[in-house]
Amino acid sequence: MKKIWFYFTNIYNNSKLNVKLFITISLIMVTALVFVLGGIRYAFSLYDEQIYAKSSQVLMMSSNSIEEKLKQVEVVSYEIAVDPNIQRILIELQGNVEKYDFYRLEQELEDALVKYVGSEKYIQSIYLYDSAGREFLAGSSSNPLNVTEKELALSQAVKYEGENHWMEIDGYNGNLTSVRLIRSYENLNFDNVGKLLIRVNLDTIVSDLPKPTGDLAGNIVISDGNHVFYSEKGMEDLNTYNFVAKNEQGYGIEKINGQRFFVNYFTTDFEDWTYWSIIPFNKMFSKITAVKYSLVLVFVLMFIILISLSFNFLSRITKPILELAGTMQKVQNGNFTIVNTLNPSKIYEDEVGILYRNFKTMIQRIDELIQENYSKQFLIKETEFKALQSQINPHFLYNTLESINWLAIINKQKQISNMVEALGNLMRNSINFKEDIITIEEELEIVNSYLTIQKYRFDDRLEFQLDIPSEYMKCKIPKLILQPLLENSFKHAVETSIYTSVIKLQAYQEQDKLFIRVEDNGPGIDPFILQKVKEGIMRPKGTGIGLNNIDNRIKLFTGEQYGLRIENLLGKGTAITVVLPFQTE
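Residues numbered from 1 in each chain as written. Predicted model: local features only at pLDDT ≥ 70, side-chain atom pairs only at ≥ 80, totals over all residues. Heavy atoms only, no water.

**Q** Please give an account of the overall build of the chain that cites residues and values.
**A** Within the chain, the regular secondary structure consists of 15 helices and 17 strands. Within the chain, buried positions represent 40% of all 585 residues. The long-range fraction of contacts in the chain, counting pairs at least 24 apart against all pairs at least 6 apart in sequence, stands at 62%. On the chain, roughly 34100 Å² of surface is accessible, and the fraction owed to carbon and sulfur atoms is 55%. (Helix = DSSP H or I, 4+ residues; strand = E, 2+ residues; numbered from the N terminus. Buried < 20%, exposed > 50% of the residue type's maximum accessible area, 1.4 Å probe, protein only. Contact = heavy atoms within 4.5 Å. Areas by Shrake-Rupley, 256 points an atom, 1.4 Å probe, with all protein chains shown as cover.)

**Q** Kindly report on helix H12 (residues 440-458), identifying the contributing residues and their values.
**A** The terminal C-alpha atoms of H12 lie 25 Å apart, and with 19 residues this matches the ideal 27 Å at 1.5 Å per residue to within 8%. Within H12, burial applies to Ile-440, Glu-443, Leu-444, Ile-446, Val-447, Ser-449, Tyr-450, Leu-451, Ile-453, Gln-454 and Phe-458. Following H12 by one or two positions, Asp-459 adopts a phi angle in the positive range, close to 50°. (Expected span 1.5 Å × (residues − 1).)

**Q** So what's going on with the confidence of the model for the chain? Residues and values would help.
**A** Do not read the predicted coordinates in detail wherever pLDDT is low. For the chain, the average pLDDT comes to 77, and 79% of its residues sit at 70 or higher. Across the chain, element-level confidence peaks in strand E15 (residues 513-520) with a mean pLDDT of 93 and bottoms out in helix H1 (residues 2-13) with 47. In the predicted structure, residues 1-8 sits below a pLDDT of 50 and forms two contacts with residues beyond four places in sequence or in another chain. Across residues 540-544 the pLDDT falls below 50, and counting only partners more than four positions away or on other chains, this stretch makes 11 contacts in the model. (pLDDT = per-residue confidence, 0-100.)

**Q** Quick rundown of the packing of helix H3 (residues 84-92) against helix H4 (residues 99-117)? Include the residues and the values.
**A** Interhelical geometry of H3 versus H4 gives an angle of 150° and a closest axis separation of 10 Å. By the angle between their directions, the pair H3 and H4 is classed as roughly antiparallel. By crossing handedness, the relation of H3 to H4 is classed as left-handed. Judged by residue contacts, Asn-85, Ile-86, Arg-88, Ile-89, Leu-90 and Glu-92 of H3 engage Arg-104, Leu-105, Glu-108, Leu-109, Ala-112, Leu-113 and Tyr-116 from H4. A per-class count over the contact of H3 with H4 returns eight nonpolar, one polar and four charged. (Axes fitted to C-alpha atoms, helices over the stretch in contact; angles between N-to-C directions. Parallel < 35°, antiparallel > 145°, perpendicular 65-115°, else oblique. Left-handed = near helix turned anticlockwise from the far one by under 90°. Nonpolar A, V, L, I, M, F, W, Y, C, P; charged D, E, K, R; others polar.)

**Q** Tell me about the sheet that holds strand E7 (residues 227-231), and name the residues and values.
**A** Spatial strand order, E7-E6-E10-E9-E8: five strands in an open sheet with antiparallel pairing. At either end of the open sheet lies a strand with only one pairing partner, and these are E7 and strand E8 (249-256). Averaged over all neighbouring strand pairs, the angle between strand axes comes to 25°, with direction disregarded. In the sheet, strand E6 (residues 219-224) pairs with strand E10 (residues 273-280) via six bridges, with the strands oriented antiparallel. Directly across from Ile-222, in E10, lies its bridge partner Tyr-275. (Pairing = 2+ DSSP bridges.)

**Q** Tell me about the environment of Pro-478, and please be specific about residues and values.
**A** Relative to the elements of secondary structure, Pro-478 occurs in strand E13 (residues 476-478). With a relative accessible area of 2%, Pro-478 lands in the buried category. Separated by 35 residues in the primary sequence, Pro-478 and Glu-443 have C-alpha atoms spaced 8.9 Å apart. Those residues in contact with Pro-478, other than ones at most four positions away along the chain, are Asp-436, Ile-437, Glu-443, Ile-554, Phe-557 and Leu-580.

**Q** Let's hear about unusual backbone geometry: which residues, and what values?
**A** Even without being glycine, Glu-271 reaches a positive phi, approximately 60°. By the element assignment, Glu-271 lies in the loop between strand E9 (259-267) and E10. Classification of Glu-271 as partly exposed rests on a relative accessible area of 27%. Phi is positive for Gln-511, which is not a glycine, with a value near 55°. Following the sequence through the fold, Gln-511 ends up in the loop between strand E14 (501-510) and E15.

**Q** Describe the packing of H12 against helix H13 (residues 482-494), with residues and values.
**A** At a minimum axis distance of 9 Å, the contact between H12 and H13 shows a crossing angle of 20°. Between H12 and H13, the crossing angle belongs to the class labelled roughly parallel. In this structure, the crossing between H12 and H13 has a hand that is right-handed. For the pair formed by H12 and H13, the contact residues are Glu-443, Ile-446, Val-447, Tyr-450, Leu-451, Gln-454 and Phe-458 on the first element and Leu-482, Gln-483, Leu-486, Glu-487, Phe-490 and Val-494 on the second. In terms of residue class, the contact of H12 with H13 is built from nine nonpolar, two polar and two charged.

**Q** Can you break down the packing of aromatic side chains residue by residue, with the values?
**A** Inspection of every chain in the model, using the stated rule, returns 12 aromatic pairs. With a centroid separation of 5.2 Å and 75° between ring planes, the pair formed by Phe-270 and Trp-273 is classed as edge-to-face. Phe-270 sits in the buried class, given a relative accessible area of 10%. On the basis of relative accessible area, Trp-273 is assigned to the buried category, the value being 0%. (Phe/Tyr/Trp six-rings, centres within 6.5 Å; stacked < 30°, edge-to-face > 60°.)

**Q** An account of a positive patch on the surface is needed here, citing residue identities and associated values.
**A** Among the surface-exposed residues, Arg-41, Lys-255, Arg-260 and Lys-292 lie close enough to one another that they form a single positively charged patch. Within the secondary structure, Lys-255 sits in strand E8. (Patch = residues over 30% accessible without salt bridge, like charges linked within 9 Å, V, L, I, M, F, W, Y side chains within 5 Å. Salt bridge = Lys/Arg side-chain N within 4 Å of Asp/Glu carboxyl O. Lys, Arg positive; Asp, Glu negative; His and termini not counted. Charge placed at Lys NZ, Arg CZ, Asp CG, Glu CD.)

**Q** Describe H13, and please don't skip the residues or the numbers.
**A** Taking 1.5 Å of rise per residue, the 13 residues of H13 would be expected to cover 18 Å, and the 17 Å separating its terminal C-alpha atoms lies within 8% of that figure. Most of H13 sits out of view: 11 of its 13 residues are buried. For H13, the complete set of buried residues consists of Leu-482, Gln-483, Pro-484, Leu-485, Leu-486, Glu-487, Asn-488, Ser-489, Phe-490, Ala-493 and Val-494.

**Q** Please give an account of the sheet that holds strand E16 (residues 563-568) that cites residues and values.
**A** Adjacent strands of a sheet form backbone hydrogen bonds with each other and so pair up, either parallel or antiparallel. The strand order across the open sheet formed by five strands is E12-E14-E15-E17-E16, and the pairing between neighbours is mixed. The two strands at the open ends of the sheet, each matched to only one other strand, are strand E12 (462-467) and E16. Pairwise comparison of adjacent strand axes, ignoring direction, gives a mean angle of 15° for this sheet. The pairing of E15 with strand E17 (residues 574-581) spans seven bridges and is antiparallel. Looking at the pairing, Ile-516 lines up with Val-578 of E17. Relative to the sheet, H12 contacts E12, E14 and E15, its axis offset from that of E12 by approximately 165°. Along the sheet, helix H15 (residues 547-558) makes contact with E16 and E17, crossing E16 at roughly 140°.

Okay, here's the thing in structure tokens:
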């Protein structure tokens, strides 16, 4: 089994797309066929249960009707046994009677019995035996008791001591005999005065039952234990079947004499009889079987038709997809212009056409992104190059500044020492490109170094206000975006004014965005110049890194929805706001 599965898997993995789709759809259809057949089988099993329930209901109604008729016969038997006139006659027959008196009593007894014979339709004949064993008959004598049956009936009458008992007679001839011992209740001595036998035609009772006609009516069989004493249609086809009830009720499909029969049975409390319903299975389910095989045949035909249609449909899909796959292979090799040769609008108007158009749009967008990424990478390299250009042998410069710092400390020039130290920190952070993203706290160290120098330069003309809450200190921002903005404020606001200049640096959050605002009270920016700055045409002096460069770096690291916002405060100064995503460590 594993080898077969491995072989099939190998074929599937090495197949082309249309073959794989064909195999997949075939498997789906076969699976659907299995489920449909299983569903049909389950549905017919439910139908079998419904038939069993209906058959059981009919069989139960039939048994109730049979037993009701037999109980009516038992009532007649009891009425005969306690009839005062019959009791009197049987007691008189116990004595010595002359022939004339015997004839008279015989006529009276037979006349009394005739009334009871006509009281029930199913009573065939009534036999009455006095204490001397003389027989008195009322009703039909066409099917008399033989000697063996008579002796058995009389012995059972004595055995049951006045209680009614039904005696089953062999031969399946439909005759059933009720036997009872008649006791005298005069003076409550309960002496045995006679025996009563009532012959009942069971065929007449069964034939009057409401049931289907024809073969579907089946055959009603009644058994006592493992002994069958009645069969409506004889036992020629059933003589090999063992009529033994395993449970109180049940059903099944049994094979009898080479033929299948639907057998349903249940046992009642009446004489512990078991009622059987024997129905020929083929005649009963012939139409159902024909419907079952017809459904399977129709589904197989539909399966073949759907496989053919699916293969044609798949070929229409896979052919353009394979062509598109060839185009993708060329795009993979770097030929992005090949998509310009695709014209899906004139060839395909379905989902394949949508796939063609989306693929063409995607490749064009990828090409644009590649060009855009190339431009941004060039911008980064240009920024780094310009930053490096501004350095003159960093190791030599650091060593020189360190020497100046120690000289200032030796000469107790605290201001010079602070300025040199701040300048060294500022230059060291400016040319360190190991980390592109730093925290606000780290960026403020660069700003503080820059402000240390500027405070010594402008002294009382500078008022710097910092409003950044401590919870923002760990927020991530691109490196070297605040110091160039402060430098721009010093260039355009502080240097051009003889009055005290105020520079504010603040940060705040709105939803998932972080805003860092640099505001000064300078003369503002001319709208024409502001537009040129936004376009990157004009650059601020100092670091050599323009506002447009900062804006591009922010967009490169965070996205197009972020960047710089420049506001002209109309004679009251300029405000530059940095918009960044709110990100913490």
